[in-house]
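Residues per chain are reported as follows:
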Amino acid sequence: METSNDTAKVLGALLLGAAVGGALGILFAPDKGSRTRKKMMMQGEDITDSMKEKFNDFLDNVKEEIEAVKEKANEYMDNGASKVDKHKVH
């Protein structure tokens, strides 16, 4: 589970760096103010969509991890219950 946290942090940092770099590039580019604002809005929407996608992927991974833990816990419970049943005195 720790690697998914590390992956999420790295992806977040990369997206943040891309957003800041893109915004600075647009701000320093010689263009009309209205065009620059439009570019920034479009880039912001792209970044938002990308972050939503990454977040949904992260949630899917967490859900998969939770299901795997539940399955393992059920296996341990079933295994323990069968051992208890074997050792019960009738």
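The preceding data block contains the structure.
No experiment lies behind these values; they were computed from the predicted model shown. (Residues numbered from 1 in each chain as written. Predicted model: local features only at pLDDT ≥ 70, side-chain atom pairs only at ≥ 80, totals over all residues. Heavy atoms only, no water.)

Points about helix α2 (residues 33-87)
Point 1. Compared with the 81 Å implied by 1.5 Å per residue over 55 residues, the 80 Å span of α2 between its first and last C-alpha is a close match.
Point 2. Within α2 the residues assigned to the buried category are T36, I47 and V62. (Helix = DSSP H or I, 4+ residues; strand = E, 2+ residues; numbered from the N terminus. Expected span 1.5 Å × (residues − 1). Buried < 20%, exposed > 50% of the residue type's maximum accessible area, 1.4 Å probe, protein only.)

Description of the pattern of salt bridges
Point 1. Overall, the coordinates contain 2 salt bridges when judged by the stated rule.
Point 2. The closest approach of N and O atoms between K70 and E67, which form a salt bridge, is 3.6 Å. Of this pair, K70 and E67 are both found in helix α2, 3 residues apart, which corresponds to roughly one turn of the helix.
Point 3. Judged by relative accessible area, which is 46%, K70 ranks as partly exposed.
Point 4. Its salt-bridge partner being K72, residue E75 comes within 3.9 Å of it at the nearest N-O pair. Note that E75 and K72 are positioned in helix α2 at a spacing of 3 residues, about one turn of the helix.
Point 5. With relative accessibility at 47%, the residue E75 sits in the partly exposed group. (Salt bridge = Lys/Arg side-chain N within 4 Å of Asp/Glu carboxyl O.)

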